[in-house]
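Coordinate analysis (summary)
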Amino acid sequence: MSTGLKKSPSNGHEKSSTSKEQQEKINEVRRLIGPLPDRLSIYCSDASVARHLTARNWNVKKATKMLKETLKWRSEYKPEEIRWEHIAQEAETGKIYRANYTDKHGRTVLIMRPSCQNSKSTKGQIKYLVYCMENAVLNLPPDQEQMVWLIDFHGFNLSNISVKLTRETAHVLQDHYPERLGLAILYNPPKFFEPFWTVVKPFLEPKTCNKVKFVYSNDPNAKKIMEDIFDMDKLESAFGGNDTVGFNINKYAERMREDDKKIPSFWTRDSHPSRALQPILINELPSAPINLQSDSDASDKERAENSPSLAHINLESDSDASDKEKVENSPSDGVNSGRGGGGPVDNNVLDSDESRNGAVGTH
């Protein structure tokens, strides 16, 4: 488990110390990104940059490209502005919700029930998934950056399967929430899920697959596996635990509304002293241009000449084109807010790279 961390909205935990080489790479990514508007600057904590670097094996060019694409997505999709009232209908059946406890490593727990899918709207499903991810990050303890997914396959059938939605969901979760998944437990998946998993695996990065654990209640070792990870008195009986209360939409709605009240302060620079080390705001730079194109091989001069004005953030991701070509020829439309999928299975095993916080039974 990570230690010596300070809370930040990227949830962002700030490492109090990193190796000299790692810090140099973090600084280089930040230099390539350049100055940012307030919320995006707050998002780019050292911990956030480090997660993107980890997801790309500390390759500065690849991590910079990944981070720029995430910044573009966040600037257009605005996940931090989603509130309970926007997605309450999607949440009614308890298909995804945050447990009111963490695992033994302090990781936030998201419970998912694919058979409880209640929507055919891809846009609505992905919006609710993003809300749940943001809420899970909001509630991470100060010494933890990752979460656990508990997927209950009770009642799951063939109608719940969608390869397309799974692929779209993988795009959002792996590309925009790197290093957030510590462990995914697939609890009692049916036999017919196995060929589907074979189809899905190519969409996932290998280290993500290593975080997925299949657990069957009729396996003699199942109880031991769950006991090693969870407090059994808090764990729901559906997963072999002792808690028989289950999901209550009214109580959950109250919890989420209270969490929503925390969001504004969570994204306030003044409430996070660690932000002092982050890039300065655009309005603190009288004339410096913003260059957020993903071709990190371009020279400083080329980036300055071809970057857009302060009024526009260019986060184009075509790393094969030159900076000038990307500025002149890139399409003006942004990320489709409906991109991705929140289908019942779509929310199960998706993230980026290997856990840095000691995921149990995943390696």
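Residues numbered from 1 in each chain as written. Predicted model: local features only at pLDDT ≥ 70, side-chain atom pairs only at ≥ 80, totals over all residues. Heavy atoms only, no water.

The next subject is the overall build of the protein chain. The helix and strand tally for the protein chain stands at 13 helices and 7 strands. Relative to its 363 residues, the protein chain shows a buried fraction of 53%. Long-range contacts, defined here as pairs at least 24 residues apart, represent 80% of the contacts in the protein chain between residues at least 6 apart. Roughly 15,700 Å² of accessible area belongs to the protein chain as shown, and the carbon and sulfur atoms make up 50% of that amount. (Helix = DSSP H or I, 4+ residues; strand = E, 2+ residues; numbered from the N terminus. Buried < 20%, exposed > 50% of the residue type's maximum accessible area, 1.4 Å probe, protein only. Contact = heavy atoms within 4.5 Å. Areas by Shrake-Rupley, 256 points an atom, 1.4 Å probe, with all protein chains shown as cover.)

Here we take up the environment of Arg180. Tracing the backbone through its elements, the reader meets Arg180 in the loop between helix H7 (163-176) and strand E6 (181-187). Given the relative accessible area of 3%, Arg180 is considered buried. Between the C-alpha atoms of Arg180 and Arg107, which are 73 residues apart in sequence, the distance is 9.9 Å. Of the polar contacts made by the side chain of Arg180, one reaches the backbone oxygen of Glu145; its length is 2.7 Å. (Polar contact = N/O pair within 3.5 Å; in protein donor to acceptor, adjacent residues only side chain to side chain.)

Most of strand E5 (residues 147-152) is tucked away, with 6 of its 6 residues classed as buried. Burial of E5 is two-sided: the residues Met147, Trp149 and Ile151 facing one way and the residues Val148, Leu150 and Asp152 facing the other way are all buried. For strand E4 (residues 108-112) and E5, the ladder comprises 5 bridges, and the chain directions are parallel. Paired with Leu110 across the two strands is Trp149, which belongs to E5. Where E5 and E6 come together, 6 bridges link them in parallel fashion. Residue pairing for E6: Val148 is matched across the bridge by Leu183. Between E5 and its parallel partner E6, the chain crosses via H7, and the hand of that crossover is right-handed. (Pairing = 2+ DSSP bridges. Right-handed = clockwise from strand over helix to strand, strands pointing away.)

Within the fold, Phe196 resides in helix H8 (residues 193-200). Residues Phe196 and Val163 lie 33 residues apart in sequence; the distance between their C-alpha atoms is 7.9 Å.

What follows concerns the nonpolar core. Trp149, Leu150, Met226 and Phe230 are the most contacted members of the largest nonpolar core, which totals 59 residues. Within the second largest apolar cluster, 21 residues are counted, among which are Val29, Ile33, Leu40 and Leu67. (Core = buried A, V, L, I, M, F, W, Y, C linked by side-chain atoms within 4.5 Å.)

Between its first and last C-alpha atoms helix H4 (residues 60-77) spans 25 Å; for 18 residues at 1.5 Å apiece the expected length is 26 Å, and the two agree. Every buried residue of H4 is listed here: Val60, Ala63, Thr64, Met66, Leu67, Lys68, Thr70, Leu71, Lys72, Trp73, Arg74 and Tyr77. At its buried positions, H4 is contacted by helix H1 (20-33), helix H2 (38-43), helix H3 (46-55), helix H6 (122-138) and H7. For H4, the capping residue at the N-terminal end is Asn59, with a side-chain oxygen 3.1 Å from the backbone nitrogen of Lys61. (Expected span 1.5 Å × (residues − 1).)

Below, the discussion takes up the packing of H6 against H7. At a minimum axis separation of 11 Å, H6 and H7 run at an interaxial angle of 35°. Note on packing geometry: the crossing formed by H6 with H7 is right-handed. Between H6 and H7, the contacting residues are Thr122, Gln125, Ile126, Leu129, Val130 and Met133 on the first element and Leu165, Thr169, Val172 and Leu173 on the second. A class-by-class count of the residues in the contact of H6 with H7 yields 7 nonpolar, 3 polar and no charged. (Axes fitted to C-alpha atoms, helices over the stretch in contact; angles between N-to-C directions. Left-handed = near helix turned anticlockwise from the far one by under 90°. Nonpolar A, V, L, I, M, F, W, Y, C, P; charged D, E, K, R; others polar.)

A separate point is the environment of Pro189. Turning to its location among the elements, Pro189 is positioned in the loop between E6 and H8. When residues no more than four places from it in sequence are discounted, the contact partners of Pro189 are Phe153, Phe214, Val215 and Tyr216.

Our next topic: the confidence of the model for the protein chain. Of the residues in the protein chain, 69% have a pLDDT of 70 or more, and the chain-wide mean is 77. Low pLDDT, under 50, characterises residues 273-290; the predicted model gives this stretch 50 contacts beyond four residues in sequence or across chains. This model gives residues 294-363 a pLDDT under 50, and the stretch forms 212 contacts once residues within four places in sequence are excluded. (pLDDT = per-residue confidence, 0-100.)

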